[in-house]
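Structural overview for review
Residue strings, one per chain:
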Amino acid sequence: MSIVITGATGKLGRLVIEGLLARVPAGQTAAVVRDPAKAADLAERGVEVRVADYNAPAMLKDAFRADDVVLLISGSEVGQRIPQHTAVIDAAKEAGVARLVYTSILGCADAGFALMDEHKVTEQAILDSGLTYTLLRNAFYTEVYTDQIPVQLEHGVVGSAGKGRIGSATRNDLAVAAVVALTQSGHENAAYELSGDEAWTLAEYAAELSRQTGRTVTYTDLTGDDYKVVLERAGLPAAVAAMLVDVDVAGVARGLAEGDSGDLSRLIGRPSTPLATAMATALA
Ligand code: NAP
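Keep in mind that this is a model prediction, so the values were computed, not measured.

1. Let's talk about the pairing of strand β2 (residues 29-33)
Within a regular strand, the side chains alternate between the two sheet faces. Burial of β2 is extensive: five of the five residues sit out of reach of the surface. Here β2 shows a buried face lined by T29, A31 and V33 and a second buried face lined by A30 and V32. Bridge count between strand β1 (residues 3-6) and β2: four bridges; the pairing is parallel. The residue bridging I5 from the neighbouring strand is A31, located in β2. In terms of handedness, the path from β1 via helix α1 (residues 11-21) over to β2 forms a crossover that is right-handed. Judged from the four bridges that link them, β2 and strand β3 (residues 48-51) form a sheet pairing that is parallel. Note that in β3 the partner of A30 across the bridge is E48.

Below, the structure written as structure tokens:
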């Protein structure tokens, strides 16, 4: 039996592997990757590297073994994820894994915004598979916002989120939660809403960025149409711009990105990392 992480060479996957290696012997961990060259360092440290692409069901057949505990990290190719995730779930079922843990999206059980759709279908496929599962419904990463600090300092913070609050969480906090769910019992057939303890508005985000940098950064709330124009002018493809507008208008502005379950801090056994701390780290 191994603890198996798909998407292990991604940013979240690497943090999960690091957390696992601090808790369990390397020989009990496996990384499913599509490019083994990116996982050479993991192999050197004793992690078993299994090569499979979410697009290749035949490869996925060899990615899992009976009694493995598997973390399916949702794919990054939006629009292709239903067949990809379905292939992983089918392979996990065929192998007879002990439990499938999945990184979903905050509020997935409720009506929401378009980015949720693939997660909803995936969650249903997991339920239909009959596998024992754990659903980690992850909030937006704080880094989604702090990675934009250079742009925000130049142009200000823009969006269509109104006064909607964002209960973001750092990737690291979400990785710690995943490690806990993977290595402890008691999380069978559970769904967790993993948001940060303190949600913030984009105006509050801009104020915090002003405070930490000594620069004046404001939040400009645009209509969805105007925000889409800004995003396209910044070089984003139309479909990506439309998706980001939808996240704000249909999601954040309607309070769907806030979360108040306390599941994240309960799972990780400490308060979640506040925005101010994550921002200071990004600025350092
Ligand atoms: P990331 O760094 O882009 O990692 C995505 C991982 O998925 C990578 O390891 C990638 O492999 C792997 N992958 C993608 N397509 C694959 C395929 N066809 N076959 C096999 N592996 C494939 O993203 P992250 O930051 O770790 O986040 C993890 C996931 O969370 C994302 O994939 C996305 O579904 C979701 N997400 C969440 C948020 C949020 O705010 N909560 C934001 C962005 C994304 P390679 O290393 O070979 O590229």
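From this point, things continue past the structure.
2. Regarding the packing of helix α9 (residues 202-213) against helix α13 (residues 275-283)
One way to put it is that α9 packs onto α13 with a least axis distance of 11 Å and a crossing angle of 50 degrees. Comparing their axes, α13 and α9 come out oblique. Of the two elements, α9 crosses α13, and the hand of that crossing is right-handed. Side by side, α9 and α13 meet where Y205, E208, L209, R211, Q212 and T213 of the first sit next to L275, A276, M279, A280 and L283 of the second. Counted by class, the contact of α9 with α13 contains seven nonpolar, two polar and two charged residues.

Parameters at a glance
Residues numbered from 1 in each chain as written. Predicted model: local features only at pLDDT ≥ 70, side-chain atom pairs only at ≥ 80, totals over all residues. Heavy atoms only, no water. Buried < 20%, exposed > 50% of the residue type's maximum accessible area, 1.4 Å probe, protein only. Helix = DSSP H or I, 4+ residues; strand = E, 2+ residues; numbered from the N terminus. Pairing = 2+ DSSP bridges. Right-handed = clockwise from strand over helix to strand, strands pointing away. Axes fitted to C-alpha atoms, helices over the stretch in contact; angles between N-to-C directions. Parallel < 35°, antiparallel > 145°, perpendicular 65-115°, else oblique. Left-handed = near helix turned anticlockwise from the far one by under 90°. Contact = heavy atoms within 4.5 Å. Nonpolar A, V, L, I, M, F, W, Y, C, P; charged D, E, K, R; others polar.

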